[in-house]
Amino acid sequence: MRAPQLFSTSIRPSSTAVRIGLSAFALASLAACSGTSTDSEAESTSTATTTATSTTQPTTTQAPLTTSVAGPTNTPLATTPVTAEVTPPATPAIMPNVVCMNLQDAQDTIQSAGVFFSRSADATGAGRRQLVDSNWIVVDQTPSAGSPFGEIEAVLSAVKIGEPTPC
């Protein structure tokens, strides 16, 4: 025997009504954004994609986004290209000598020289990761001390404390 159903959860608006409502909302929003201006103000008109839906076949019409600017005599003003602010390249930092330093101290010294990002590698070739930088000693560096370098260019080869080093 089947238990009677106590609640009905089947409330769904028709998809056509939803689409028409959304289209009307988009058109109303578009109409609210456009308007007329006086001769001394800039005039801007925008259009967006609108979707008309019928019960038989959906159609989509897309209009381009346009903007026009008129001067006091309703003649178009000359357009000027938009220029982005360009930061001049920073002068490269000079690589300090960090060989035989604790890896953490070496990274701090490189940051003091003006470069924030440096890389480290296992000097034994085993590919171990330097999880706790203070447990490693730098045995080689690229670029060499006194050379100009930038972000990510510094590579510090290190071995774990207690392993054989040339230091």
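Parameters and conventions
Residues numbered from 1 in each chain as written. Predicted model: local features only at pLDDT ≥ 70, side-chain atom pairs only at ≥ 80, totals over all residues. Heavy atoms only, no water. Helix = DSSP H or I, 4+ residues; strand = E, 2+ residues; numbered from the N terminus. Buried < 20%, exposed > 50% of the residue type's maximum accessible area, 1.4 Å probe, protein only. Contact = heavy atoms within 4.5 Å. Areas by Shrake-Rupley, 256 points an atom, 1.4 Å probe, with all protein chains shown as cover. Phe/Tyr/Trp six-rings, centres within 6.5 Å; stacked < 30°, edge-to-face > 60°. Core = buried A, V, L, I, M, F, W, Y, C linked by side-chain atoms within 4.5 Å. Disulfide = S-S within 2.5 Å. Patch = residues over 30% accessible without salt bridge, like charges linked within 9 Å, V, L, I, M, F, W, Y side chains within 5 Å. Salt bridge = Lys/Arg side-chain N within 4 Å of Asp/Glu carboxyl O. Arc of directions from axis to C-beta. Pairing = 2+ DSSP bridges. Axes fitted to C-alpha atoms, helices over the stretch in contact; angles between N-to-C directions.

Participant: Whenever I open this one, the overall build of the protein confuses me. Can you help?
Facilitator: Summing up its helical and strand segments, the protein has two helices and seven strands in all. Each helix and strand of the protein, placed in order from N terminus to C terminus, yields the pattern α-β-β-β-α-β-β-β-β. Taking all 167 residues of the protein together, the buried fraction comes to 19%. Restricting the contact set of the protein to residue pairs at least 6 apart, pairs at least 24 apart contribute 59%. Counting every atom, the protein has about 12,600 Å² of accessible surface; 58% of that belongs to carbon and sulfur.

Participant: Looking at this model, I keep getting lost on the packing of aromatic side chains. Mind explaining?
Facilitator: Each aromatic ring pair is described using two quantities: the centre-to-centre distance and the angle formed by the ring planes. On inspection of all chains with the given rule, the structure shows one aromatic pair. Geometrically, the ring pair formed by Phe116 and Phe117 is edge-to-face, given 4.8 Å between the ring centres and 85° between the ring planes. A residue is classified by how much of its surface remains accessible, and Phe117, at 47% relative accessible area, is partly exposed.

Participant: Can you walk me through the nonpolar core in this structure?
Facilitator: If you look at soluble globular proteins, the nonpolar side chains tend to sit buried side by side. Met95, Val98, Ile110, Val138, Phe149 and Leu156 are the most contacted members of the largest nonpolar core, which has 13 residues in total. Of all the secondary structure elements, the ones that give two or more residues to this core are α2 (103-112), β5 (136-142) and β7 (155-160). Looking at this core element by element, the count peaks at three residues for α2.

Participant: When you look at the state of the cysteines in this model, what are you seeing that I'm missing?
Facilitator: Note on terminology: a disulfide is the covalent bond linking the sulfur atoms of two cysteines. Tallying each qualifying case throughout the model produces one disulfide. Between the sulfur atoms of Cys100 and its disulfide mate Cys167 the distance is 2.0 Å. On the sign convention where negative means left-handed, the S-S torsion of about -95° between Cys100 and Cys167 marks this disulfide as left-handed. Remark: Cys167 occurs in the segment after β7 and Cys100 occurs in the loop between β3 (93-94) and α2; sequence separation between them is 67 residues. Look at Cys100 and you get partly exposed, because its relative accessible area is 40%.

Participant: Hey, could you run me through a nonpolar patch on the surface in this one?
Facilitator: A cluster of nonpolar residues, Phe116, Phe117 and Ile152, forms a patch on the protein surface that exposes about 320 Å² of accessible area. Mapping Ile152 onto the fold places it in the loop between β6 (148-149) and β7.

Participant: Any chance you could explain α2 here in plain terms?
Facilitator: Taken together, the buried positions of α2 are Leu103, Ala106, Gln107 and Ile110. Burial along α2 is one-sided: seen end-on, the buried residues are contained in an arc of 100°. On the buried face of α2, the contacting elements are β4 (119-122), β5, β6 and β7. Trailing α2 by a residue or two, Gly114 shows a phi angle of about 110°, which is positive.

Participant: Is there a simple way to think about the sheet that holds β7 in this case?
Facilitator: Strand order in the open sheet formed by three strands is β4-β7-β5, with mixed pairing between adjacent strands. A single partner strand is all that each edge strand has here, and the edge strands are β4 and β5. With direction set aside, neighbouring strand axes in the sheet form an average angle of 35°. Inspection of the sheet shows β4 paired to β7 by four bridges, in the parallel sense. When the sheet's bridge partners are listed, Arg119 is paired in β7 with Val155.

Treat this as a map of the structure, not an account of what it does.
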